[in-house]
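A closer look at the structure
Each chain is listed here by its residues.
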Amino acid sequence: MKFEAILFDCDGVLVDSEPITHGVLRDQLAESGWDMPLAECMRHFIGRTVRSQAALIESRTGQPLTDEWMARFYVRRDELLRAHLQPIDGALDAVRAAHAHTGGRIACASGADRGKLELQLTKVGLAEWFGAHVFSGHDLPRSKPFPDVYLAAAQSVGVAPARCLVIEDTPTGVQAGVAAGATVWAYDPTGTQADALRAAGADALFASMTKLPRCW
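Basis of the calculations
- Residues numbered from 1 in each chain as written.
- Predicted model: local features only at pLDDT ≥ 70, side-chain atom pairs only at ≥ 80, totals over all residues.
- Heavy atoms only, no water.
- Core = buried A, V, L, I, M, F, W, Y, C linked by side-chain atoms within 4.5 Å.
- Buried < 20%, exposed > 50% of the residue type's maximum accessible area, 1.4 Å probe, protein only.
- Helix = DSSP H or I, 4+ residues; strand = E, 2+ residues; numbered from the N terminus.
- Contact = heavy atoms within 4.5 Å.
- Pairing = 2+ DSSP bridges.
- Right-handed = clockwise from strand over helix to strand, strands pointing away.
- Disulfide = S-S within 2.5 Å.
- Polar contact = N/O pair within 3.5 Å; in protein donor to acceptor, adjacent residues only side chain to side chain.
- Salt bridge = Lys/Arg side-chain N within 4 Å of Asp/Glu carboxyl O.

Counting 32 residues, the largest nonpolar core has F8, L14, L121, F130, I167, M209 and L212 as its most contacted members. Listed by contribution, the elements that provide at least two residues to this core are β1 (5–8), α5 (91–102), β2 (106–110), α6 (114–123), β4 (164–168) and β5 (183–187). Take this core: its biggest share by element is four residues, from α5. Discounting chain neighbours no more than four positions away, the residues touching L212 are F8, A94, I167, W185 and F206. One finds A152, A153, A180 and A186 within the second-largest nonpolar core, a separate group that totals 23 residues.

A few words now on the pairing of β5. Of all the five residues making up β5, five are buried; the element is thus mostly covered by neighbouring parts of the structure. As judged from the four bridges shared by β4 and β5, these two strands associate in the parallel manner. Its bridge partner lying in β5, I167 is registered against W185. Handedness of the β4-helix α9 (residues 171–180)-β5 crossover: right-handed. Pairing analysis gives three bridges linking β5 to strand β6 (residues 204–206), with the strands arranged parallel. Looking at β6, one finds that Y187 is bridged to F206.

Attention shifts here to the state of the cysteines. Within the structure shown, the criterion is met by zero disulfides. Between C108, a cysteine without a disulfide, and C10, which holds the nearest cysteine sulfur, the sulfur-to-sulfur distance is 4.4 Å. Sulfur of C215: no disulfide; nearest cysteine sulfur belongs to C164 and is 18 Å away. The exposure class assigned to C215 is partly exposed, which follows from its relative accessible area of 46%.

Let us now look at the side chain of T170. Mapping T170 onto the fold places it in the loop between β4 and α9. Overall, the relative accessible area of 6% leaves T170 in the buried class. Engagement of the side chain of T170 in a polar contact is seen with the backbone nitrogen of G173, the distance being 3.0 Å. Residues within four places of T170 in sequence aside, it is in contact with I46, G47 and L197.

Another point: the pattern of salt bridges. Summed over all chains, the structure comprises 14 salt bridges. For D11, the salt bridge identified is with K116, shortest N-O distance 3.1 Å. One end of the pair, D11, is in the loop between β1 and α1 (18–31); the other, K116, is in helix α6, with 105 residues separating them in the sequence. For the pair shown, D11 and K116 are each scored as buried. Where E118 meets R114, a salt bridge forms, and the shortest distance between an N and an O atom there is 3.2 Å.

Have a look at this one:
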């Protein structure tokens, strides 16, 4: 099947942001009374927005998840992302190859807030490849695992979702791509999420972004 458009998730697919973001989140939650290892924090929150887990946070900290708390988190997170963020190995070449393969019909569709999304793509030199085709689940009625962000991305490049390839790395994201009607390939560099990604509906798994362009 020749895909007419390729739609990329951002965190964990294009940029190695998860340890940075969740390190800040873990520390701020610990300050609020919920102390846990980084690995546990990532299990709770990867693929989900912080606000979507408000009830869990409030039950563990005994405090409300306020706008002020979130604003403080965003400032601390963005400071470290600007200082330390790196692209996933092979991601830049994969995006360039996708752009050439589809005649420019590529988009980035993320569950992250728009500020983070634009910061990250600019920081690693990917913003120019996506142009205006960058979508945040925060700007839509529903975020992942609902399909809204991928439906918006497909519409922006003028391709029916059934002719799109989605590149994801979490079960939540895979569910969103499947719900949109796209083919979903899941990036699983450690091989630890294979069962969960396949259960979510991934059509294929791959472990190296450098090899991705050879597969489509």
